[in-house]
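Residue-level listing of the chains:
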Amino acid sequence: MAEKTKISLTVNGNAVEAEIEPRTLLIHFLREHLNLTGAHIGCETSHCGACTVDLDGRSVKSCTVFAVQANGGELLTVEGMAAGGELHPLQQAFVDQHGLQCGYCTPGMLVRAYRLLQETPNPTDDEIRWGLSGNLCRCTGYQNIVKAVRQAADELGQKEAAE
Amino acid sequence: MIPGSFAYHRPASVDEAVALLGQFGEDGKVLAGGHSLIPMMKLRLATPEHLIDINGIGELKGIREEGGQLRIGAAATQADILASDLLANTCPLLPEAAALIADPQIRYCGTLGGNVANGDPGNDMPAVMMALAAIYALRGPGGAREVAARDFYHGTFDTALAENELLTEIRIPTPAPGHGASYQKMKRKVGDYATAAAAAVLSFDGDRCASAAVTLTNVGEAAIFVTEAGDALVGTAVDDTAVAEAAARAMALAAPVSDLRGPAEYRTQMAGEMARRAIRTAAARAKGG
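Conventions used here
Residues numbered from 1 in each chain as written. Chains lettered and ligands numbered in written order. Predicted model: local features only at pLDDT ≥ 70, side-chain atom pairs only at ≥ 80, totals over all residues. Heavy atoms only, no water. Helix = DSSP H or I, 4+ residues; strand = E, 2+ residues; numbered from the N terminus. Rg over C-alpha atoms; globule rule 2.2 N^0.38 Å. Contact = heavy atoms within 4.5 Å. Areas by Shrake-Rupley, 256 points an atom, 1.4 Å probe, with all protein chains shown as cover. 1 Å grid on protein atoms, 1.4 Å probe; cavity = no way out; pocket = protein on both sides within 12 Å on 5 of 7 lines; lining within 4 Å. Points joined across faces, edges and corners; volume = space filled by probe spheres on them. Nonpolar A, V, L, I, M, F, W, Y, C, P; charged D, E, K, R; others polar. Pairing = 2+ DSSP bridges. Axes fitted to C-alpha atoms, helices over the stretch in contact; angles between N-to-C directions. Disulfide = S-S within 2.5 Å. Buried < 20%, exposed > 50% of the residue type's maximum accessible area, 1.4 Å probe, protein only. Phe/Tyr/Trp six-rings, centres within 6.5 Å; stacked < 30°, edge-to-face > 60°. Domains from an automatic or database assignment. Buried area = accessible area lost by both parts, 1.4 Å probe. Salt bridge = Lys/Arg side-chain N within 4 Å of Asp/Glu carboxyl O. Polar contact = N/O pair within 3.5 Å; in protein donor to acceptor, adjacent residues only side chain to side chain.

Draft legend 1. Here's a closer look at the overall build of chain B. Check the secondary structure of chain B and you find 12 helices and 14 strands. Its C-alpha radius of gyration of 19 Å places chain B within 12% of the 19 Å reference for a compact globule of 289 residues. Each of the three principal axes of chain B carries a C-alpha extent, and together these read 60 × 45 × 35 Å. Put simply, 61% of the contacts in chain B that link residues at least 6 apart link residues at least 24 apart. For chain B, the computed accessible surface area is about 11,300 Å², with 51% contributed by carbon and sulfur atoms.

Below is the structure:
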């Protein structure tokens, strides 16, 4: 048994401490140690994006990051997007626009789209497609996902203008 | 797909990282972006006993201009390259190539140093660095040394980097204003390695080509610097005849294998086509197009 390493990080706003083997992948740490099963294991080869989470302001594929690399970091998963019992505008937009069918890719799409809108608050459809190009969906053909991100961008923009 | 066990080290300085590399020798591996190494570890094709994570080393992150060179820290990510105003203004070839690598998530992690030092012929930046006459700054237990990108690649996963050395910085002579450059990559989908790709960097004196560098990605055991293609362009107006001759010379050096991206003959032809497009685009950009 390899020696364990202590890590501490913030996950969805909560302080977390754990002792893990260095070889523990971030996706396994989230799903098996923290019981956060929103991020999915898809291809396991960093192609599909189903395991996407947000680490220190970057979208990362958690199947290809070691949990020790998140030590001291700030992590957001799909479980952290809804606030006060209300869906995040992106989540509501995926519902409204039918941005999912089987739902397997959805947590990764949502978390990636969250970072995209942080960086590019008012993206063109091309920028949305480019920004989500690391996330595969085998059901929707992407049309409704693009519409959903567009709706959320419009709504978040209006909210900001009102504030 | 769970990697083998290893001990994790996160040095805070280059000195510390180099000391660890010296201590562990072939049992130690540098972890930069991790998107080549971690997949290899998950398949147990790589089983390092010690991982030396260089992402905590601030001095490896910067992008700056100094002494007529663009100096990019080895741990700067592809996303850092895309976000750099300095590179957009002085060397747009770099962000153009970075945008064609992998996908957004991977570009947040993947580093320039890892891309050029790994020795994978599928990586895009080696050909770009050869075209730009970049120099790699290496540090080992014996001190620092520089190796030109054009001398760095010996074969697939075989480079001038010693086991106990760390690539610290990529130094690119700042391209003269008015140069033109282009990277053209044919790939099947986002995130794929090139079926074939080519870089061209040209400068003009009036309407005559004064200097030209043409390189190829993923059509040989390593990136290919096609000296003869540059020679075919210098002194010409980069007209159709010169472009065709340069592309023919590039195809003559291309030696791809047949694989899922296509038969060798096809990939050779595509290397020629990418070279033609890269040269034409670079020429148009040099002329202000």
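Draft legend 2. Representation of empty space enclosed by the protein. The tally for this structure, following the rule as stated, stands at one cavity of 30 Å³ or more. Estimates place the volume of the largest cavity at around 40 Å³. Looking at the lining of the largest cavity residue by residue, the classes come out as six nonpolar, four polar and one charged.

Draft legend 3. Looking closely at the sheet that holds strand E4 (residues 63–66) of chain B. Residue and element names in this part refer to chain B. The five strands are arranged E4-E5-E10-E6-E7 in an open sheet whose pairing can be described as antiparallel. Unpaired on one side and paired on the other, E4 and strand E7 (143–148) mark the two borders of the sheet. Across this sheet, the average inter-strand angle for adjacent strands is 25°, counted without regard to direction. When strand E5 (residues 69–73) meets strand E10 (residues 166–173), the two strands line up antiparallel, connected through five bridges. When the sheet's bridge partners are listed, Leu70 is paired in E10 with Ile172. The sheet contacts of helix H1 (residues 14–24) involve strand E6 (135–140) and E10, and relative to E10 the element is tilted by about 125°.

Draft legend 4. Inspection of the state of the cysteines at higher detail. Residues and elements named next belong to chain A. This structure, assessed with the given rule, holds zero disulfides over all chains. Left unpaired, Cys105 is separated from the closest cysteine sulfur, that of Cys137, by 3.9 Å. What makes Cys105 buried here is its relative accessible area of 11%.

Draft legend 5. Structural context of the packing of aromatic side chains. Residues and elements named next belong to chain B. What the rule picks out here adds up to four aromatic pairs over all chains. Ring centres of Tyr136 and Phe152 lie 4.9 Å apart, and the angle between their planes is 85°; on these two criteria the pair is classed as edge-to-face. Taken together, the residues span a long stretch of sequence, with Tyr136 in strand E6 and Phe152 in helix H9 (residues 149–152) at a distance of 16 residues. According to the relative accessible area criterion, Tyr136 is buried, its value standing at 0%. Arranged with centres 5.0 Å apart and planes meeting at 80°, the rings of Phe152 and Tyr153 form a pair that is edge-to-face. Side by side, Phe152 and Tyr153 carry an identical accessibility label, which is buried. Grouped by ring-pair contacts, the aromatic residues Tyr136, Phe152 and Tyr153 constitute a single cluster.

Draft legend 6. Focus on the domain arrangement of chain A. Residue and element names in this part refer to chain A. For chain A, the assigned domains read domain 1 (5–80) and domain 2 (89–162). Look at where the C-alpha atoms of domain 1 and domain 2 centre, and you get two points 21 Å apart. Both sides together, the interface formed by domain 1 and domain 2 hides about 1,200 Å², and carbon and sulfur atoms give 57% of it. There are one salt bridge connecting domain 1 and domain 2. In this assembly, domain 1 and domain 2 are joined by eight residue pairs in polar contact (both at pLDDT 80 or more). Of all the secondary-structure elements, those providing two or more residues to the side of domain 1 that touches domain 2 are strand E3 (52–55) and strand E4 (58–61). Partitioning the side of domain 1 that touches domain 2 into residue classes produces seven nonpolar, nine polar and three charged.

Draft legend 7. Broad picture of the side chain of Thr159 of chain B. Within the secondary structure, Thr159 of chain B sits in strand E9 (residues 158–159). Relative accessible area serves as the criterion here: at 15%, Thr159 of chain B is assigned to the buried category.

Draft legend 8. Representation of the interface of chain A and chain B. Each partner contributes residues to the interface: chain A has 30 residues there, and chain B has 29 residues. Summing both sides of the interface, chain A and chain B together bury roughly 2,400 Å²; the carbon and sulfur share of this comes to 61%. Where chain A touches chain B, the interface holds one salt bridge. For Lys61 of chain A, the salt bridge is made with Asp103 of chain B, and the minimal N-O distance between the two is 2.6 Å. In this assembly, chain A and chain B are joined by 10 residue pairs in polar contact (both at pLDDT 80 or more). Those elements that provide at least two residues to the side of chain A that touches chain B are E4, helix H3 (106–119) and helix H4 (125–131) of chain A. When residues in the side of chain A that touches chain B are grouped by element, the largest group, four residues, is from E4 of chain A.

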